[in-house]
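Observations on the model geometry
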Amino acid sequence: MKIIAAIASILIIIGALNWGLYGIAKIDIVENLFGGWNNKIGRIIYILIGVAGLYSLLYVIFA
């Protein structure tokens, strides 16, 4: 479970940096690197970041 928590934490950090840069300078890292919603890989990255956030939320609530 520690590995899953570590991966979730990394994805959450990536998501937070992505949203922070988007809010400050309209730079979307995931879109620039993986094509955003137009590319399946970009869509998977966005979904994984969302799932990581939900996992961490549930981990905090139920741990």
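Keep in mind that this is a model prediction, so the values were computed, not measured. (Residues numbered from 1 in each chain as written. Predicted model: local features only at pLDDT ≥ 70, side-chain atom pairs only at ≥ 80, totals over all residues. Heavy atoms only, no water.)

**A few points about the overall build of the protein chain**
Put simply, the rule reads: In this description a helix means any DSSP run of H or I spanning at least four residues, a strand means any run of E spanning at least two, and both kinds are numbered starting from the N terminus. Exposed residues in this analysis have more than 50% of their type's maximum accessible area, buried residues have under 20%, and partly exposed residues fall in between, with area computed by a 1.4 Å probe over protein chains only. Exposure was quantified through the Shrake-Rupley algorithm and a 1.4 Å probe, taking into account, for residues, occlusion by the shown protein chains and nothing else.
A tally of helices and strands in the protein chain yields three helices and zero strands. The helix and strand sequence of the protein chain, counted from the amino end, reads α-α-α. Principal-axis analysis of the C-alpha atoms gives the protein chain an extent of 35 × 25 × 15 Å. Looking at the protein chain as a whole, 19% of its 63 residues qualify as buried. Of the roughly 5,000 Å² of accessible surface on the protein chain, a fraction of 76% belongs to carbon and sulfur atoms.

**Comments concerning helix α1 (residues 2-25)**
For the record, the criterion: Expected helix span is computed as 1.5 Å times (number of residues minus one). Residue contacts are defined here by distance: any two heavy atoms, one from each residue, within 4.5 Å place the two residues in contact.
Across its 24 residues, α1 extends 34 Å between first and last C-alpha, which sits within 8% of the 34 Å expected from 1.5 Å per residue. When we look at burial in α1, the residues that qualify are Ala 8, Leu 11, Gly 15 and Asn 18. Where α1 is buried, its residues contact α2 (29-34) and α3 (40-62).

**Section: unusual backbone geometry**
Despite not being glycine, Lys 26 has its phi angle at roughly 55°, a positive value. One can find Lys 26 in the loop between α1 and α2. The class for Lys 26 is exposed, based on a relative accessible area of 64%.

**Thoughts on the UniProt feature "transmembrane region" (unreviewed entry) in the protein chain**
To keep it simple, the criterion reads: UniProt positions are given in the numbering used here, feature names are shortened, and annotations may be inferred rather than shown by experiment.
The sites that carry the UniProt feature "transmembrane region" (unreviewed entry) are, in the present numbering, residues 6-24 and 44-62. Split by type, residues 6-24 is 100% helix and 0% strand. Its first and last C-alpha atoms lie 27 Å apart. In this annotation, residues 44-62 is assigned 100% helix and 0% strand; the end-to-end C-alpha distance for the span is 26 Å.

**Thoughts on the nonpolar core**
The cut-off we apply is this: We define the nonpolar core as a collection of buried residues of types Ala, Val, Leu, Ile, Met, Phe, Trp, Tyr and Cys that are connected through side-chain atoms lying within 4.5 Å of one another.
Counting six residues, the largest nonpolar core is built from Ala 8, Leu 11, Val 30, Tyr 46, Ile 49 and Ala 52. For this core, the secondary-structure elements that each account for two or more residues are α1 and α3. Sort the elements by how many residues they give to this core and α3 lands first, with three residues. The contacts of Leu 11, once residues within four sequence positions are left out, are Leu 48, Ile 49 and Ala 52.

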